Amino acid sequence: RPEEGRSLVVHRCGLTVAAARATQKVADLTREELRDGQPALEQKVRHCAPQVIAFLGNAAYAAMTDDRRLAWGRQRDLFAGAVAWILPNPSGRNRMFRTEDLVRAYRELRDYVEPSDAAAEETDSQASGVSAPADLGARTCSGYHHTRR
(Lines give C-alpha, C1' and ligand atoms only; values in the text may rest on other atoms or scores of the structure.)
Protein backbone atom coordinates (compact mmCIF):
# COMPACT_ATOMS: atom_id res chain seq x y z
CA ARG A 1 0.00 0.00 0.00
CA PRO A 2 1.31 3.50 -0.80
CA GLU A 3 1.13 4.65 2.82
CA GLU A 4 3.55 1.87 3.78
CA GLY A 5 6.22 3.08 1.35
CA ARG A 6 8.14 4.94 4.03
CA SER A 7 8.60 1.72 6.00
CA LEU A 8 11.03 0.59 3.31
CA VAL A 9 13.58 3.05 4.67
CA VAL A 10 13.94 0.81 7.73
CA HIS A 11 15.32 -1.81 5.33
CA ARG A 12 17.52 0.76 3.57
CA CYS A 13 15.36 0.55 0.46
CA GLY A 14 13.55 2.98 -1.76
CA LEU A 15 10.90 2.52 -4.40
CA THR A 16 10.54 4.30 -7.70
CA VAL A 17 9.22 3.90 -11.22
CA ALA A 18 10.83 4.00 -14.65
CA ALA A 19 7.89 5.46 -16.60
CA ALA A 20 5.72 8.51 -16.09
CA ARG A 21 2.40 6.66 -16.19
CA ALA A 22 1.11 3.63 -14.35
CA THR A 23 -0.03 0.61 -16.34
CA GLN A 24 -1.29 -2.85 -15.56
CA LYS A 25 1.52 -4.47 -17.51
CA VAL A 26 4.81 -3.36 -19.00
CA ALA A 27 3.60 -4.26 -22.49
CA ASP A 28 1.28 -1.23 -22.22
CA LEU A 29 4.36 1.04 -22.27
CA THR A 30 6.31 1.85 -25.40
CA ARG A 31 10.09 1.65 -25.56
CA GLU A 32 10.02 5.42 -26.10
CA GLU A 33 8.13 5.98 -22.84
CA LEU A 34 10.66 3.85 -20.99
CA ARG A 35 13.57 5.69 -22.60
CA ASP A 36 11.91 9.05 -21.85
CA GLY A 37 11.86 8.09 -18.16
CA GLN A 38 15.58 7.40 -18.11
CA PRO A 39 16.89 10.92 -17.33
CA ALA A 40 14.61 11.31 -14.30
CA LEU A 41 15.45 7.83 -13.05
CA GLU A 42 19.18 8.41 -13.49
CA GLN A 43 18.91 11.73 -11.63
CA LYS A 44 17.05 10.03 -8.77
CA VAL A 45 19.63 7.22 -8.60
CA ARG A 46 22.55 9.66 -8.62
CA HIS A 47 20.87 11.74 -5.89
CA CYS A 48 20.13 8.74 -3.63
CA ALA A 49 23.44 7.01 -4.43
CA PRO A 50 22.25 3.43 -3.92
CA GLN A 51 24.68 0.54 -4.08
CA VAL A 52 22.28 -1.41 -6.33
CA ILE A 53 19.27 -0.62 -8.47
CA ALA A 54 17.09 -3.62 -9.24
CA PHE A 55 14.75 -3.64 -12.21
CA LEU A 56 11.73 -5.96 -12.07
CA GLY A 57 11.68 -7.53 -15.49
CA ASN A 58 14.04 -6.52 -18.25
CA ALA A 59 11.82 -4.22 -20.38
CA ALA A 60 12.81 -0.87 -18.84
CA TYR A 61 16.53 -1.64 -18.61
CA ALA A 62 16.53 -3.10 -22.14
CA ALA A 63 14.86 0.03 -23.52
CA MET A 64 17.20 2.35 -21.62
CA THR A 65 20.36 0.51 -22.67
CA ASP A 66 19.07 -0.41 -26.14
CA ASP A 67 20.09 -4.01 -25.48
CA ARG A 68 17.46 -6.71 -25.85
CA ARG A 69 19.79 -9.62 -25.05
CA LEU A 70 20.08 -9.15 -21.31
CA ALA A 71 20.73 -11.91 -18.83
CA TRP A 72 18.97 -12.03 -15.46
CA GLY A 73 21.02 -10.92 -12.47
CA ARG A 74 23.89 -8.48 -12.19
CA GLN A 75 24.57 -6.44 -15.29
CA ARG A 76 27.99 -5.64 -16.70
CA ASP A 77 27.46 -1.86 -16.77
CA LEU A 78 26.52 0.49 -13.94
CA PHE A 79 23.30 2.48 -14.11
CA ALA A 80 23.85 6.07 -12.93
CA GLY A 81 26.69 4.87 -10.69
CA ALA A 82 24.80 1.93 -9.16
CA VAL A 83 25.20 -1.76 -9.86
CA ALA A 84 22.29 -2.71 -12.12
CA TRP A 85 20.45 -5.94 -11.42
CA ILE A 86 17.58 -7.47 -13.37
CA LEU A 87 15.12 -9.62 -11.45
CA PRO A 88 12.13 -11.56 -12.69
CA ASN A 89 8.92 -9.76 -11.80
CA PRO A 90 7.22 -11.64 -8.93
CA SER A 91 3.78 -10.58 -10.17
CA GLY A 92 1.19 -13.34 -10.33
CA ARG A 93 0.88 -12.47 -14.03
CA ASN A 94 4.43 -13.67 -14.60
CA ARG A 95 4.07 -17.37 -15.18
CA MET A 96 7.50 -17.78 -16.81
CA PHE A 97 9.22 -18.44 -13.49
CA ARG A 98 8.64 -21.10 -10.89
CA THR A 99 8.70 -20.04 -7.25
CA GLU A 100 12.08 -21.76 -6.78
CA ASP A 101 13.53 -19.72 -9.67
CA LEU A 102 12.20 -16.48 -8.20
CA VAL A 103 13.64 -17.32 -4.78
CA ARG A 104 17.01 -18.15 -6.34
CA ALA A 105 17.11 -14.87 -8.30
CA TYR A 106 16.21 -12.72 -5.31
CA ARG A 107 18.59 -14.63 -3.05
CA GLU A 108 21.47 -13.87 -5.44
CA LEU A 109 20.77 -10.17 -5.07
CA ARG A 110 20.49 -10.48 -1.30
CA ASP A 111 23.79 -12.37 -1.16
CA TYR A 112 25.47 -9.66 -3.23
CA VAL A 113 24.12 -6.79 -1.13
CA GLU A 114 24.68 -8.34 2.28
CA PRO A 115 26.90 -11.40 1.84
CA SER A 116 27.67 -12.13 5.49
CA ASP A 117 24.07 -11.56 6.62
CA ALA A 118 22.78 -13.72 3.79
CA ALA A 119 24.74 -16.78 4.90
CA ALA A 120 23.63 -16.33 8.51
CA GLU A 121 20.00 -15.81 7.48
CA GLU A 122 20.11 -18.92 5.30
CA THR A 123 21.24 -20.97 8.28
CA ASP A 124 18.66 -19.32 10.56
CA SER A 125 15.94 -19.82 7.98
CA GLN A 126 16.70 -23.50 7.60
CA ALA A 127 16.90 -24.00 11.37
CA SER A 128 13.67 -22.12 12.09
CA GLY A 129 11.72 -23.52 9.17
CA VAL A 130 10.91 -20.00 7.91
CA SER A 131 10.44 -20.10 4.17
CA ALA A 132 12.80 -18.18 1.93
CA PRO A 133 10.15 -15.92 0.36
CA ALA A 134 9.20 -14.50 3.78
CA ASP A 135 12.87 -13.78 4.52
CA LEU A 136 13.47 -12.24 1.12
CA GLY A 137 10.60 -9.78 1.23
CA ALA A 138 12.28 -7.56 3.76
CA ARG A 139 15.89 -7.99 2.71
CA THR A 140 16.33 -8.10 -1.05
CA CYS A 141 14.68 -4.79 -1.87
CA SER A 142 13.02 -6.32 -4.91
CA GLY A 143 12.02 -3.66 -7.34
CA TYR A 144 13.61 -1.01 -5.17
CA HIS A 145 16.98 0.57 -5.21
CA HIS A 146 19.09 -0.31 -2.23
CA THR A 147 20.20 2.86 -0.45
CA ARG A 148 23.28 1.63 1.39
CA ARG A 149 26.70 2.66 0.10
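Residues numbered from 1 in each chain as written. Predicted model: local features only at pLDDT ≥ 70, side-chain atom pairs only at ≥ 80, totals over all residues. Heavy atoms only, no water.

Student: Just to check I follow, could you spell out the packing of aromatic side chains for this structure?
Tutor: Each aromatic ring pair is specified by the distance between its two centres and by the angle formed by the two planes. Under the defined criterion, the tally for this structure stands at five aromatic pairs. Aromatic pair Phe 55 and Phe 79: ring centres 5.4 Å apart, planes at 85°, arrangement edge-to-face. In this pair, Phe 55 is assigned in strand β2 (residues 52-56) and Phe 79 in strand β3 (residues 73-79), connecting sequence segments 24 residues apart. Summarising the burial analysis for this pair, Phe 55 and Phe 79 share the class buried. Here the aromatic rings of Tyr 61 and Phe 79 are separated by 6.3 Å at their centres, their planes lie at 55°, and the arrangement is tilted. (Phe/Tyr/Trp six-rings, centres within 6.5 Å; stacked < 30°, edge-to-face > 60°. Helix = DSSP H or I, 4+ residues; strand = E, 2+ residues; numbered from the N terminus. Buried < 20%, exposed > 50% of the residue type's maximum accessible area, 1.4 Å probe, protein only.)

Student: In this structure, what is going on with the pattern of salt bridges? I would like to understand it.
Tutor: Close approach of charged atoms allows side chains with opposite charge to pair. This structure, assessed with the given rule, holds nine salt bridges. Arg 21 is the partner of Glu 33 in a salt bridge, and the nearest nitrogen-oxygen pair spans 2.5 Å. Of this pair, Glu 33 sits in helix α1 (residues 31-36) while Arg 21 sits in the loop between β1 (13-15) and α1, placing them twelve residues apart in sequence. A residue is classified by how much of its surface remains accessible, and Arg 21, at 41% relative accessible area, is partly exposed. Linking Asp 101 and Arg 98 is a salt bridge whose minimum nitrogen-to-oxygen distance equals 3.1 Å. Through salt bridges with shared partners, one network takes in Arg 98, Glu 100, Asp 101 and Arg 104. (Salt bridge = Lys/Arg side-chain N within 4 Å of Asp/Glu carboxyl O.)

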